[in-house]
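Chain residues, written in single-letter form:
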Amino acid sequence: MAFINEKLTPEQQEEFNSWKISYPLYSMRQVVKTIKMKNPCEWTVDKERNIYLLGVYYNRDYYEENIFVFIWNKKSYLVQFRKSWEDENTLVWNIPEHYVSKSIVFPYSQEENFIDDLRSALIAYCENGMPNQWNEEIKTKCNF
């Protein structure tokens with residue numbers, strides 16, 4: 001099955017909460033606090049392979065730098081990508097120019113198929129990971 005953007009049901013949110021996923025919030029390349037993810041509204045998911053991508057925030061100093069939690073192979077990864085537009089209908093995800101931390105650096109994992117799955121998830125996520133017509137009409141590609 002391919003990745004899809006999906007709005008979570010209350011039951012899915014409860015299941016997700018039981019995974020106890022958390023992520024660090026950075027400012028000036030320092031961890032400000034750790035946030036426990038709770039009740040996400042939507043995710044990009046490959047249900048057959050249990051792979052999930054959730055947008056969590058963007059870099060305040062560089063708003064085009066987006067931070068995600070990528071759950072892959074039963075592990076949670078904090079990943080970052082820079083969003084740009086090739087034209088008014090083509091979104092491009094790029095390797096970051098301004099990382100939120102020196103410890104979060106592309107390629108994030110050396111495991112086989114990690115980058116391919118991450119790329120596929122970002123292409124499905126499109127601009128915002130929401131299951132709506134706008135997101136479905138945008139062309140998305142990755143420059144990595």
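Basis of the calculations
- Residues numbered from 1 in each chain as written.
- Predicted model: local features only at pLDDT ≥ 70, side-chain atom pairs only at ≥ 80, totals over all residues.
- Heavy atoms only, no water.
- Core = buried A, V, L, I, M, F, W, Y, C linked by side-chain atoms within 4.5 Å.
- Buried < 20%, exposed > 50% of the residue type's maximum accessible area, 1.4 Å probe, protein only.
- Helix = DSSP H or I, 4+ residues; strand = E, 2+ residues; numbered from the N terminus.
- Contact = heavy atoms within 4.5 Å.
- Pairing = 2+ DSSP bridges.
- Expected span 1.5 Å × (residues − 1).
- Arc of directions from axis to C-beta.
- Salt bridge = Lys/Arg side-chain N within 4 Å of Asp/Glu carboxyl O.

This part takes up the nonpolar core. Within the largest apolar cluster, 41 residues are counted, with the highest numbers of intra-cluster contacts made by Phe70, Phe81 and Trp93. If you list the elements that add at least two residues to this core, you get β2 (22–27), β4 (42–46), β5 (51–59), β6 (62–72), β7 (75–87), β8 (90–94) and α2 (114–125). Ignoring anything within four residues of it in the chain, the contact list for Phe70 reads Ile51, Tyr52, Leu53, Lys75, Ser76, Tyr77, Val79, Phe114, Asp117, Leu118 and Ala121.

We now examine the environment of Lys33. Its location among the elements puts Lys33 in strand β3 (residues 30–36). Residue classification places Lys33 among the partly exposed positions, given a relative accessible area of 48%. Measuring from C-alpha to C-alpha, the distance between Lys33 and Glu86 comes to 35 Å, with 53 residues separating the pair along the chain. Those residues in contact with Lys33 that sit more than four places away from it in its chain are Tyr23, Pro24 and Leu25.

Two elements, β6 and β7, share 8 bridges in a ladder whose sense is antiparallel. Its bridge partner being in β7, Val69 is matched across the sheet by Leu78. Taking the residues that link successive antiparallel strands as the turn, the β6-β7 hairpin has 2 residues, and the phi of Asn73 there is positive, at about 55 degrees. Note that β7 and β8 share 5 bridges and pair antiparallel. Each bridged residue has a counterpart across the sheet, and for Trp85 the counterpart in β8 is Leu91. Between β7 and β8, which pair antiparallel in sequence order, lie 2 residues.

A large share of β8 lies buried, amounting to 5 of its 5 residues. Side chains Thr90, Val92 and Asn94 of β8 all project onto a buried face; the interleaved residues Leu91 and Trp93 project onto the opposite face, where all are buried too.

Across its 12 residues, α2 extends 16 Å between first and last C-alpha, which sits within 8% of the 16 Å expected from 1.5 Å per residue. Among the residues of α2, those classed as buried are Phe114, Ile115, Asp117, Leu118, Ala121, Leu122 and Tyr125. In a view along the axis of α2, the buried residues occupy a sector of 160 degrees, so they form one face of it. Of the residues flanking the end of α2, it is Cys126, one or two places downstream, whose phi is positive at about 60 degrees.

This paragraph deals with the pattern of salt bridges. If you walk through the whole model with that rule in mind, you get 7 salt bridges. One salt bridge connects Asp46 with Arg49, and the closest N-O pair in it is separated by 2.9 Å. Note on Arg49: relative accessible area 41%, which makes it partly exposed. The residue Lys141 makes a salt bridge to Glu86 at a minimum N-O spacing of 2.5 Å. Of this pair, Lys141 sits in strand β9 (residues 139–142) while Glu86 sits in strand β7, placing them 55 residues apart in sequence. Glu86 gets classed as partly exposed once you look at its relative accessible area, which sits at 48%. Salt bridges linked by common partners bring Asp46, Arg49 and Asp117 together as one network.

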